[in-house]
Amino acid sequence: TIKRTWTAKDECDNQSTYVQTITVKDLTAPTFSSLPADINVSCTNIPANAILTVSDSCDMNPSLTFTSVQLPGSCPNEYTIQNTWVTKDACQNERTHIQKINVSDKEKPSFVNFPADVVVECHNIPVAVTPTFTDNCSSVIISFTETKTPGTCAGKYTINRTWLLTDA
């Protein structure tokens with residue numbers, strides 16, 4: 001509060017006094033210098049958390065807090081990161097910014113190394129081996145099936161081995 005006092009006095013010592021009271025209030029919340037937008041990314045492109053700065057017209061040191069939570073999505077590798085920044089000045093004026101980073105897994109797992117097709121003699125059928133594979137985001141479940149298709153003559157047949165990769 002600022003008080004200004006004026007006194008008017010004439011030559012006969014008659015005087016009048018006027019007091020002006022100025023009440024200063026901080027009614028405006030601090031502001032952020034720049035705000036990160038909501039984005040959609042793959043699980044291999046999650047950005048680092050933005051660093052925000054704040055300013056306030058009355059408080060030279062407004063507080064700034066940051067929290068980040070992971071909200072579940074439709075599968076283990078699809079989720080939302082919710083980043084929240086809250087700034088508050090000495091008069092408890094507050095401003096909040098929330099950024100949502102939607103993380104998705106849209107890439108199929110892929111085989112790195114797998115057995116080639118072969119022709120063999122009757123009793124030299126190779127053992128089924130597990131091929132190697134990769135996935136950009138998650139663990140992979142591999143399933144295996146084997147079918148036997150008869151050939152056109154006795155002793156001739158085809159074995160089809162199928163591996164299926166499924167990520168989370």
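Going by the structure above, here's the rest.
Throughout what follows, the structure given in this document is the object of discussion. Think of each chain on its own: its residues are numbered from 1, step by step along the sequence as written. Totals for whole chains, interfaces and linings use every residue, but because this is a predicted model, local features are given only for residues with pLDDT of at least 70 and side-chain atom pairs only at 80 or more, for both listing and counting. Side-chain figures throughout are based on the complete set of non-hydrogen atoms in the structure, without hydrogens or water.

Structural notes on the overall build of the protein
At step 1: In terms of helices and strands, the protein carries 0 helices and 12 strands.
At step 2: Counting from the N terminus, the helices are the DSSP runs of H or I reaching at least four residues and the strands are the DSSP runs of E reaching at least two. Along the chain direction, N to C, the helices and strands of the protein fall in the order β-β-β-β-β-β-β-β-β-β-β-β.
At step 3: The C-alpha radius of gyration of the protein comes to 36 Å, more than 25% above the 15 Å expected for a compact globule of 168 residues.
At step 4: With respect to the principal axes defined by its C-alpha atoms, the protein has extents near 140 × 20 × 15 Å.
At step 5: Within the protein, the fraction of its 168 residues that count as buried is 22%.
At step 6: Only heavy atoms enter the contact rule, under which two residues are in contact if any of them lie within 4.5 Å. Restricting the contact set of the protein to residue pairs at least 6 apart, pairs at least 24 apart contribute 45%.
At step 7: Areas reported as accessible are Shrake-Rupley estimates using a 1.4 Å probe. Residue values count occlusion only from the protein chains shown. Accessible area of the protein: about 12400 Å², with a carbon and sulfur share of 53%.
At step 8: For this count, His and the chain ends are skipped, Lys and Arg are scored as positive, and Asp and Glu as negative. To locate a charge, take NZ of a lysine, CZ of an arginine, CG of an aspartate or CD of a glutamate. Distance from the positive charge centre (12 side chains) to the negative charge centre (17 side chains) of the protein: 4 Å. Within these notes, the globule rule equals 2.2 Å times the number of residues to the 0.38 power, and the radius of gyration is based on C-alpha atoms. Using a 1.4 Å probe on the protein chains alone, a residue whose accessible area is under 20% of its type maximum counts as buried, one over 50% counts as exposed, and one in between counts as partly exposed.

Here we look at the environment of Gln20
At step 1: With respect to the helices and strands, the residue Gln20 is situated in strand 2 (residues 15-22).
At step 2: Note: C-alpha distance between Gln20 and Thr5 (15 residues apart in sequence) is 6.3 Å.
At step 3: Apart from the residues lying within four places of it in its own chain, the contact partners of Gln20 are Ile2, Lys3, Arg4 and Trp6.

Observations regarding the packing of aromatic side chains
At step 1: Two rings from Phe, Tyr or Trp (for Trp, the six-membered ring) form a pair when their centres sit within 6.5 Å of each other. Planes less than 30 degrees apart are called stacked, planes more than 60 degrees apart edge-to-face, and all others tilted. Under the defined criterion, the tally for this structure stands at 4 aromatic pairs.
At step 2: Plain terms: the ring middles of Phe111 and Phe114 are 6.1 Å apart, the flat faces sit at 75 degrees to each other, and that makes the pair edge-to-face.
At step 3: The ring of Tyr157 carries the charged tip of Lys148 above its face, separated from the ring centre by 4.0 Å. To sit over a ring, a charge needs its Lys NZ or Arg CZ within 6 Å of the ring centre and within 35 degrees of the ring normal.

A look at the pattern of salt bridges
At step 1: The rule for a salt bridge is simple: a side-chain nitrogen of Lys or Arg has to be within 4 Å of a carboxyl oxygen of Asp or Glu. This model, assessed by the stated rule, comprises 3 salt bridges.
At step 2: With a shortest N-O distance of 3.7 Å, Asp13 and Lys9 are connected by a salt bridge. Across the pair, Lys9 and Asp13 agree in class, each one exposed.
At step 3: Salt-bridge contacts for Glu146 lead to Arg161; the nearest nitrogen and oxygen are separated by 2.6 Å. One end of the pair, Glu146, is in strand 11 (residues 140-150); the other, Arg161, is in strand 12 (residues 157-167), with 15 residues separating them in the sequence.

Overview of the sheet that holds strand 4 (residues 39-42)
At step 1: Whether two strands pair comes down to DSSP finding at least two bridges between them. Taken in spatial order, the 4 strands make up an open sheet running 4-8-7-6, and their pairing is mixed. Only two strands of the sheet have a single neighbouring strand rather than two, namely strand 4 and strand 6 (63-75). Between one strand axis and the next, the sheet turns by 20 degrees as a mean value, whatever way the strands run.
At step 2: Sheet topology note: the strand 7 (residues 78-88)/strand 8 (residues 94-104) ladder contains 10 bridges and is antiparallel. Looking across to strand 8, one finds that Trp85 is bridged to His97. A fitted line through C-alpha atoms represents every axis, and for helices the fit uses only the stretch in contact; the resulting angles, taken between N-to-C directions, go from 0 to 180 degrees.

A short note on the side chain of Thr84
At step 1: The residue Thr84 is located in strand 7 in this model.
At step 2: Among the residues examined, Thr84 registers a relative accessible area of 13% and is labelled buried.
At step 3: Ignoring anything within four residues of it in the chain, the contact list for Thr84 reads Thr65, Phe66, Thr67, Thr96, His97 and Ile98.

Things to note about the nonpolar core
At step 1: Residues grouped as a nonpolar core are buried Ala, Val, Leu, Ile, Met, Phe, Trp, Tyr and Cys residues, joined through side-chain atoms within 4.5 Å. Counting 7 residues, the largest nonpolar core is built from Val41, Cys43, Tyr79, Ile81, Ile101, Val103 and Cys137.
At step 2: Those elements that place two or more of their residues in this core are strand 7 and strand 8.
At step 3: Setting aside its immediate chain neighbours within four residues, Ile81 contacts Ile46, Ser68, Val69, Gln99, Lys100, Ile101 and Val103.

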